[in-house]
Amino acid sequence: MKFLRSSKIGTWLGFALFAVVTLLTFYWILLSAITPRQDLFSSPVHYWPEHPTLDNFISLFTVIPFWSYFINSSVMSLLSAFVSVLTSFLAAYAFSRIKFRGSNLLLLFFLITTALPPVSTLLPLYDIFARFHLLNSLAGLIILVSSMIVPFTVWILVSFVDQIPKELDDAA
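A short tour of the structure in this document, coming up. What you are looking at is a predicted structure, and each value in this text was computed from that prediction instead of being measured.

**Notes on the overall build of the protein**
In step 1: If you tally the helices and strands in the protein, you get 7 helices and 0 strands.
In step 2: Reading the secondary structure of the protein in the N-to-C direction produces α-α-α-α-α-α-α.
In step 3: Taken over C-alpha atoms, the radius of gyration comes to 24 Å for the protein, far larger than the 16 Å a tight globule of 172 residues would show.
In step 4: Once the C-alpha set of the protein is aligned to its principal axes, its extents read approximately 70 × 65 × 35 Å.
In step 5: The 172 residues of the protein split such that 17% are buried.
In step 6: Sequence-distant contacts, at least 24 apart, represent 60% of the contacts inside the protein between residues at least 6 apart.
In step 7: As presented, the protein carries roughly 13,600 Å² of accessible surface, and 75% of it is formed by carbon and sulfur atoms.
In step 8: For the protein, the centre of its 9 positive side-chain charges and the centre of its 8 negative side-chain charges are spaced 14 Å apart.

Structural data, given as structure tokens:
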């Protein structure tokens, strides 16, 4: 019984530490947002600005093309997620349902490619994207992000498809 209490105390201390770190992060973001620009990097650090201001928010919407950046980021992330999940699900379904010689080895190859540092593919990707005129384009970025996440997504989705009864395939 004593062990149970100490493990609960440890769990709650872990939750409390996580909550404090998370709240401090949000506090620091808020502090940076309402601190005037000239006081932002002052020394010593002030934990609350002497003259809080909303000028940073005003310049966000007037000086910086925020909505353009927001729409580009939203389109890129949504399309990248859609493309990667669609292509990964098709590959995962094939790996799960169609058994062929070397399928486990190929699936392992997919997993090993996730350990490859993305920097090592920088020059070949640049060359390929330059040849297809995809540099500095939203389509190129979507293709890049989608292709980087596909191996891991295939690995995860194979386990998901394995859980679906094969009888459902026959019933369809």
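**As for the packing of aromatic side chains**
In step 1: Tallied over the full model, the rule gives 9 aromatic pairs.
In step 2: Taking 5.6 Å as the distance between ring centres and 75° as the angle between the ring planes, the aromatic pair formed by Trp 12 and Phe 15 counts as edge-to-face. With Trp 12 and Phe 15 both in helix α1 (residues 2–34), this residue pair falls 3 residues apart, about one helical turn.
In step 3: Residue class for Trp 12 comes out exposed when judged on its relative accessible area of 60%.
In step 4: One aromatic cluster is present, formed by Phe 61, Phe 66, Trp 67 and Phe 70 through successive ring pairs.

**Notes on the nonpolar core**
In step 1: Among the nonpolar cores identified, the biggest contains 8 residues, and these are Ala 92, Phe 95, Leu 107, Val 150, Val 154, Leu 157, Val 158 and Val 161.
In step 2: Elements that contribute at least two residues to this core include exactly α3 (66–97) and α6 (138–163).
In step 3: It is α6 that provides the largest number of residues to this core, a total of 5 residues.
In step 4: With residues near it in sequence (within four places) discarded, Val 154 still touches Ser 88, Ala 91, Ala 92, Phe 95, Leu 107 and Phe 110.

**Describing the environment of Phe 132**
In step 1: With respect to the helices and strands, Phe 132 occurs in the loop between α5 (122–131) and α6.
In step 2: The exposed category is assigned to Phe 132, whose relative accessible area is 60%.
In step 3: Sequence-wise, Phe 132 and Thr 113 are 19 residues apart; in three dimensions their C-alpha atoms are separated by 24 Å.

**Points about the packing of helix α4 (residues 103–113) against α6**
In step 1: One can describe the packing of α4 onto α6 by two numbers: an axis separation of 8 Å at closest approach and a directional angle of 130°. Taken together, the axis directions place α4 and α6 in an arrangement best described as oblique. For α4 against α6, the interelement crossing comes out left-handed. Contact residues: α4 offers Leu 107, Leu 108, Phe 110, Leu 111 and Thr 113, while α6 offers Val 150, Pro 151, Val 154, Trp 155 and Val 158.

Criteria and thresholds
- Residues numbered from 1 in each chain as written.
- Predicted model: local features only at pLDDT ≥ 70, side-chain atom pairs only at ≥ 80, totals over all residues.
- Heavy atoms only, no water.
- Helix = DSSP H or I, 4+ residues; strand = E, 2+ residues; numbered from the N terminus.
- Rg over C-alpha atoms; globule rule 2.2 N^0.38 Å.
- Buried < 20%, exposed > 50% of the residue type's maximum accessible area, 1.4 Å probe, protein only.
- Contact = heavy atoms within 4.5 Å.
- Areas by Shrake-Rupley, 256 points an atom, 1.4 Å probe, with all protein chains shown as cover.
- Lys, Arg positive; Asp, Glu negative; His and termini not counted.
- Charge placed at Lys NZ, Arg CZ, Asp CG, Glu CD.
- Phe/Tyr/Trp six-rings, centres within 6.5 Å; stacked < 30°, edge-to-face > 60°.
- Core = buried A, V, L, I, M, F, W, Y, C linked by side-chain atoms within 4.5 Å.
- Axes fitted to C-alpha atoms, helices over the stretch in contact; angles between N-to-C directions.
- Parallel < 35°, antiparallel > 145°, perpendicular 65-115°, else oblique.
- Left-handed = near helix turned anticlockwise from the far one by under 90°.

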